[in-house]
Every structure is written in structure tokens, then in C-alpha cells.
Amino acid sequence: HPSDFCKVIQRPQFAYISRVGGRTTRLHLQYYPGILVMMFSLIESCLRGMGGRIGRYLRYAYYKRRLKACGKGVFIDMGVHIINPESVSIGDGVWIDKNCVLIAGKVSIRNEKVKEIENKDFKGSAGEIHIGSHSHMGLMTIVQGHGGVWIGPNFTSSAGVKIYSFSNDPGACH
């Protein structure tokens, strides 16, 4: 039936669900975090595989709003996964190459002993990833920032580099 057709219009913190020929209902997304996560996941999946200039432009426009900080001239290539983008800062002129994975956010381990080792030289905080200006993350680089990662300016990684800031090695927790 035509009146059962629904369309969702995304607005910040709200989704307006309207029925054709019916009244509009406002759904407060902050009370439904699962819906918000699902919407972001769907958008990111679509953008991840989009090639060409349009794909690059749309990924930059999208992540400029989602990242904690995003500089000018950032190039996010196809296949890039950014987990918890609100904890990722990227400087000016950064190129994140194809199929890189950035995993940010503090890890929560229940009923497990966690040993944190303080690093007085570390400028950031746990769960955050910072990539300095004019850096290049090579093909298929993985940055796991559960413990926090600070990459300075003018950094280049070769293909397949893995940077870990958190370990689940039970032998390290004595």
C-alpha cells in the first residue's frame, strides 16, 4: 500500500521518519545508539569502495565531520577502515593509502588484569590516534590505538606495517 512507504531523512541527532500521506515522526537518535552506529556503518561501507575523484571527495567530506580533527588536503584512499573516528586526529596533507585500518578507542576488558606502563614522552591519551601533517600511511598499514598512538609529522610507513599500542600477552602482566 502506498501509505506504508517510509523514507528516512538524516539530520544531526535526529532521524525524521515520514509516511507518504501521513504525519512526520521525529526519532531521537541519541536514545537509539544502535541505529546511529548502523547508519554510520552503512555510509562508510558505501564510501569505502567508491573510486575516483568523487569517492576521494566524499570520503574527505564525510570524515572531516566524523574525525576528532581533520586537516586540509587529507587523502583517504579506497578500502580504508577507521574504527571509532571520533578518537582519530589527522594533520594537513596526510595520505592514508589503500586498505589501511585505524583502530581507535579505549579497550574495556572485564574480569581481566590490565597492566598499564606509563610513557612520560607520550603526548596523547589512551584510545586516541594522532597522525601528524604530511605523513603517508602505506598500503595495508594497521594502527591499533587502544593504548594511544602519536605519529609525528613527515612520517612514512611502508606497505603492511603494523603499529600496536596494546597487547594481550598474558605473560606481560605479572
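Residues numbered from 1 in each chain as written. Predicted model: local features only at pLDDT ≥ 70, side-chain atom pairs only at ≥ 80, totals over all residues. Heavy atoms only, no water.

**Quick word on the pattern of salt bridges**
The following threshold applies: Every case where a carboxyl oxygen of Asp or Glu lies within 4 Å of a side-chain nitrogen of Lys or Arg is listed as a salt bridge. For the purposes of this entry, the term helix denotes a DSSP run of H or I that reaches at least four residues, the term strand denotes a run of E that reaches at least two, and both are numbered from the N terminus. Only protein chains enter the area calculation, which uses a 1.4 Å probe; residues under 20% of their type maximum are buried, those over 50% are exposed, and those in between are partly exposed.
Evaluation of the coordinates by the stated rule reveals three salt bridges. Between Lys68 and Glu128 there is a salt bridge; the shortest N-O distance is 2.7 Å. Taken together, the residues Lys68 in the loop between helix H2 (52-66) and strand E4 (69-70) and Glu128 in the loop between strand E9 (101-103) and strand E10 (129-131) connect sequence positions 60 residues apart. On the basis of relative accessible area, Lys68 is assigned to the partly exposed category, the value being 48%. Note that Asp77 is salt-bridged to Lys98, the shortest N-O span being 3.6 Å. In this pair, Asp77 sits in the loop between strand E5 (75-76) and strand E6 (81-83) while Lys98 sits in the loop between strand E8 (95-96) and E9, placing the two residues 21 residues apart along the sequence. Classification of Asp77 by relative accessible area gives buried; the value is 7%.

**Here we look at the confidence of the model for the protein**
How we decide: Residue-level confidence of the predictor is summarised by pLDDT, bounded by 0 at the bottom and 100 at the top. When checking whether two residues touch, look at their non-hydrogen atoms; a contact exists if any pair is within 4.5 Å.
Of all residues in the protein, 75% attain a pLDDT of 70 or more, and the chain-wide mean is 80. Throughout residues 1-20 the model reports pLDDT below 50, and contacts reaching past four residues in sequence, or to other chains, amount to 43 contacts.

**Describing the sheet that holds strand E12 (residues 142-144)**
This is how the line gets drawn: Here, a strand pair is defined by DSSP locating no fewer than two bridges between the strands. To get an axis, fit a line to the C-alpha atoms, keeping to the stretch in contact for a helix; angles then go from 0 to 180 degrees between the N-to-C directions.
Spatial ordering of the open sheet is given by E6-E9-E12-E14, a layout of four strands whose pairing is parallel. The open sheet terminates on both sides in strands that have one partner only, identified here as E6 and strand E14 (162-164). The sheet shows a mean angle of 0° between the axes of neighbouring strands, direction not considered. Sheet topology places E6 next to E9; three bridges connect them, and they run parallel. Considered in E9, the bridge of Ile82 is made with Leu102.

**Comments concerning a nonpolar patch on the surface**
Formally: Nonpolar side chains (Val, Leu, Ile, Met, Phe, Trp, Tyr) are joined into patches within 5 Å and like charges within 9 Å, using only residues with over 30% relative accessible area and no salt bridge. Under the convention used here, a 1.4 Å probe and the Shrake-Rupley method define accessible areas, while residue burial counts only the protein chains that appear.
Nonpolar side chains collect at one region of the surface, where Met50, Ile54, Tyr57 and Leu58 lie side by side and expose about 400 Å² of accessible area between them. On the secondary structure map, Ile54 appears in helix H2. Taking relative accessible area as the criterion, Ile54 reaches 60% and is therefore assigned exposed.

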